[in-house]
Amino acid sequence: MEETASFEDSRRLTGPNLFFARPGAVLEALGVDAVPKDVIEQWRINVRAMSAELGWADVELHVRAHASGHSLALTAPVDQLFSATEVNEWAWQCARGEAEMFAPGHALATDADSARHTLRLFARAERRPELLALLDAAHARHIPTVLDDDLLTLGSGCAGRSWPLDALPAVEQVPWNDLRGIPTALVTGSNGKTTTVRLLAAMLHAHGLRTAFSCTDGVFRDGEVFDSGDYSGPAGARTVLRMADAEAAVLETARGGILRRGLAVDHAGAAIITNISADHFGEYGIDDLDGLTAAKAVVAHALKDHGVLVLNADDAQLLRHAQGLNHTKAWFALDDAHPQLINARSRGEATCAVDAGELVLTLANQRHALGVITDMPLSLNGLARYNIANMAGASLLAAALGISAATIAQVLARFGSTGLDNPGRLETWRFGGIRVIMDYAHNPDGLHGLLDIAQALRGTGRLGLMLGQAGNRGDAQIRELAAVAASFSPELIVLKDMEGYLRGREQNEVASLLRDVLREHGLADSRLPMRSTDLDAARHALDWARSGDVLVLPVHARKAKDEVRQLLETLASNGWWAGEPLSA
């Protein structure tokens, strides 16, 4: 048996996912050349036959070829997903000759009877008819549901109620009239997700709703920390939607959670795809922009009835894929005269963009001026073009959730005036004769946008940069990040590992690769020091800085951000000046 044809992963898909709008299971089979078409067809035959044996109706199958192999997916009842992974693995092993297989048009071979018997027992033990009855009743009433391995929640937030799976009520015992969904938005994309989440949450709060949100920094309720960590996946969504006092929810929805498990959400009033850029290639069979776009677009499955999908007209990938997304759409761009926005308005769709220096929201062909861009703190006097896009997208989400243009404008006029509004994203300091920018920029597009701002601020001063990358990025992606950094010719690039993100790489492996690429672009070793932590790297950059310089510090881990922020605030409050020694 060729190693290249082994299966790498087999997992449940607990919600809408890349393959289907309903739950199922997927198996990742390695080796494109090692999987003949007749093996794939035999897998299909095996899955259909065993699904019929188990009484699963209307099973859908999907085979997705990618650079490293095939994703083999099937739908299954939501109470049978562990069984579905077993069926998938068995069907694949049979198709490859590792076990007895079905013959088309014939009954199971005698030697396969034990497999049928075992899978029937497995499925019978997993089956929960009372759960399915409750889900069907909720969906018939258009009530959202949240489900995991322990709890079922009917409704959401302050209008939801949860039961343990081993103590579910009968359908007639549920207080259906008390249950409903709260205003909910999903935020995905390659860059700008967390900023968009925080901005929309501020708008919902200003609208008078107690708002909970989840993002890469944690779970928050009206701006207060509920829990810290990366909660941009299904666990964060479930945590927010089960908060008994939440009146609105904003959920950062990262690609990893979508691909690993699917959505945890089955109802949302609005969703946004901020943009698409090359990142995370090679994971879960996603190896190009089209695949990444399809993964991000899974959020549209949660939109029901009059839900609105907000899209970036300045993104070529989203423009190309938009026709395949059959939902009510709203469009944003940097220029109100963008052809896509003009066409959208002719169809009565909402738009938001910049017109003569103002951000303008158009709803039902009525134009609402939201304010002068340069007066909005988040725009950094108009330099932060990607934040202008984030503001436009968040404004459309807010409008879709029923927030007035006046309230949106009020929030845009103040949001970003303090670092507490959007910590870790374009936080700026000016002290000691230098300017410092701390941001999350984690991919080439994000870094390019950040360095554009730094370039505009530097004047005649020098540019210093701190640079690292997560270990799960491929070498090509790491090289591209270094190439972007080199294109701005910083006088200093402090290289470091990304704390907590080695992800299978050796210590200093990523930093060394970055340095090799920067050398290829002509940067001397004297400009490329290497440090072991974010804090050490930041201290080195500050030691190096002189009056007039600009330092750019991309920091990712929450602990590291807190440490670097504390250092900067201490220096600023102590009156430190560039060129002076740093205190211990």
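Bear in mind that the values here come from a model prediction, so they are computed numbers and not experimental data.

Bringing the packing of helix H1 (residues 37–54) against helix H3 (residues 113–126) into the picture now. At their nearest, the axes of H1 and H3 sit 10 Å apart, and the two run at 55 degrees to each other. Relative to H3, the element H1 is oriented oblique. At the point where H1 passes H3, the crossing takes the right-handed sense. Contacts between H1 and H3 pair Met-50, Glu-53 and Leu-54 from the former with Ala-115, Arg-116, Leu-119, Arg-120 and Ala-123 from the latter. Classifying every residue of the contact of H1 with H3 gives five nonpolar, no polar and three charged.

What follows covers the pattern of salt bridges. This model, assessed by the stated rule, comprises 29 salt bridges. With a shortest N-O distance of 2.9 Å, Asp-149 and Arg-12 are connected by a salt bridge. With Asp-149 in the loop between strand E5 (145–147) and strand E6 (151–154) and Arg-12 in strand E1 (residues 7–13), this residue pair connects regions lying 137 residues apart in the sequence. For Asp-149, a relative accessible area of 47% gives the class partly exposed. Here Asp-217 ties to Lys-561 by a salt bridge, and the two come within 2.7 Å at their closest N and O atoms. Taken together, the residues Asp-217 in the loop between strand E9 (211–215) and strand E10 (218–221) and Lys-561 in helix H17 (residues 558–573) connect sequence positions 344 residues apart. When its relative accessible area of 3% is taken as the criterion, Asp-217 is described as buried.

With that settled, the discussion passes to the packing of aromatic side chains. Evaluation of the coordinates by the stated rule reveals three aromatic pairs. Arranged with centres 6.3 Å apart and planes meeting at 55 degrees, the rings of Phe-19 and Phe-20 form a pair that is tilted. Considered together, Phe-19 and Phe-20 belong to a single accessibility category, that of buried residues. With centroids separated by 5.0 Å and ring planes inclined at 15 degrees, the aromatic side chains of Phe-213 and Phe-220 adopt a geometry described as stacked. For the pair Phe-213 and Phe-220, one class covers both residues: buried. Positioned above the aromatic ring of Tyr-440, the side-chain terminus of Arg-425 is 4.2 Å from the ring centre.

For Thr-75, the position within the fold is in strand E4 (residues 69–75). Polar side-chain contacts of Thr-75 include one of 3.4 Å to the side chain of Arg-22. Ignoring anything within four residues of it in the chain, the contact list for Thr-75 reads Phe-20, Arg-22, Pro-23, Gly-24, Asp-58, Val-59 and Glu-60.

A positive phi is found at Ala-356, a non-glycine position, where the angle reads about 55 degrees. Structurally, Ala-356 can be placed in the loop between strand E16 (350–355) and strand E17 (358–363). We classify Ala-356 as exposed; its relative accessible area is 78%. In the Ramachandran plot, Asn-365 falls in the positive-phi region, its phi being about 65 degrees despite a non-glycine side chain. Along the chain, the position of Asn-365 falls in the loop between E17 and strand E18 (366–372).

The next point concerns the sheet that holds strand E22 (residues 492–496). Think of a sheet as strands paired side by side through backbone hydrogen bonds, with each pair either parallel or antiparallel. A sheet is described by the order of its strands in space; here six strands give the open sequence E19-E20-E24-E21-E22-E23, paired in mixed fashion. Looking at strand neighbours, the two that pair on one side only are strand E19 (427–431) and strand E23 (530–531), the edges of this open sheet. Across the sheet, helix H15 (residues 509–520) lies against strand E21 (463–467), E22 and E23, angled at about 150 degrees from E22, the strand it touches most.

With respect to the secondary-structure elements, Glu-563 resides in helix H17. Glu-563 sits 25 residues away from Ala-538 along the chain, and the two C-alpha atoms are 9.8 Å apart.

All right, on to the side chain of Gln-340 then. Among the structural elements, Gln-340 can be located in helix H10 (residues 339–346). Gln-340 has contacts with Ala-313, Leu-319, Trp-331 and Arg-347, leaving out every residue within four places of it along the chain.

Moving on: H1. Between its first and last C-alpha atoms H1 spans 26 Å; for 18 residues at 1.5 Å apiece the expected length is 26 Å, and the two agree. All of the buried residues along H1 are Val-39, Ile-40, Gln-42, Trp-43, Asn-46, Val-47, Met-50, Ser-51 and Leu-54. Looking straight down H1, one finds that the buried residues subtend no more than 165 degrees of arc, so they occupy a single side. The exposed residues of H1 that point more than 90 degrees off its buried face are Lys-37, Asp-38 and Ala-52. Of the surrounding secondary structure, the elements contacted by the buried residues of H1 are strand E3 (61–66), E4, helix H2 (81–95) and H3. A positive phi of about 80 degrees marks Gly-55, the residue just after H1.

Okay, the packing of helix H16 (residues 534–544) against H17 next. Angle between the axes and distance between the axes: these two values describe a pair of packed helices. Close contact between H16 and H17 brings their axes to 9 Å; oriented N to C, the two are set at 30 degrees. Put simply, H16 runs roughly parallel to H17. Judged by the twist between their axes, the crossing of H16 over H17 is right-handed. For the pair H16 and H17, contact is made by Asp-534, Leu-535, Ala-538, Arg-539 and Leu-542 and by Ala-560, Glu-563, Val-564, Leu-567, Leu-568 and Leu-571, respectively. Among the residues forming the contact of H16 with H17, the class breakdown is eight nonpolar, no polar and three charged.

Formed by 48 residues in total, the largest nonpolar core has its most connected members in Leu-186, Leu-251 and Leu-311. Counting only elements with at least two residues in this core, the list comes to helix H6 (234–241), strand E12 (248–252), helix H7 (255–260), strand E13 (268–273), helix H8 (289–296), strand E14 (303–312), strand E15 (328–335) and H10. Every residue in contact with Leu-251, bar those within four places of it in the chain, is listed here: Thr-184, Ala-185, Leu-186, Val-187, Val-197, Ser-214, Ala-237, Val-240, Leu-241 and Val-265. Counting 46 residues, the second-largest nonpolar core is a separate cluster that includes Phe-220, Leu-370, Leu-378 and Ala-405.

Cut-off values and rules
- Residues numbered from 1 in each chain as written.
- Predicted model: local features only at pLDDT ≥ 70, side-chain atom pairs only at ≥ 80, totals over all residues.
- Heavy atoms only, no water.
- Axes fitted to C-alpha atoms, helices over the stretch in contact; angles between N-to-C directions.
- Helix = DSSP H or I, 4+ residues; strand = E, 2+ residues; numbered from the N terminus.
- Parallel < 35°, antiparallel > 145°, perpendicular 65-115°, else oblique.
- Left-handed = near helix turned anticlockwise from the far one by under 90°.
- Contact = heavy atoms within 4.5 Å.
- Nonpolar A, V, L, I, M, F, W, Y, C, P; charged D, E, K, R; others polar.
- Salt bridge = Lys/Arg side-chain N within 4 Å of Asp/Glu carboxyl O.
- Buried < 20%, exposed > 50% of the residue type's maximum accessible area, 1.4 Å probe, protein only.
- Phe/Tyr/Trp six-rings, centres within 6.5 Å; stacked < 30°, edge-to-face > 60°.
- Lys NZ or Arg CZ within 6 Å of the ring centre and 35° of its normal.
- Polar contact = N/O pair within 3.5 Å; in protein donor to acceptor, adjacent residues only side chain to side chain.
- Pairing = 2+ DSSP bridges.
- Expected span 1.5 Å × (residues − 1).
- Arc of directions from axis to C-beta.
- Core = buried A, V, L, I, M, F, W, Y, C linked by side-chain atoms within 4.5 Å.

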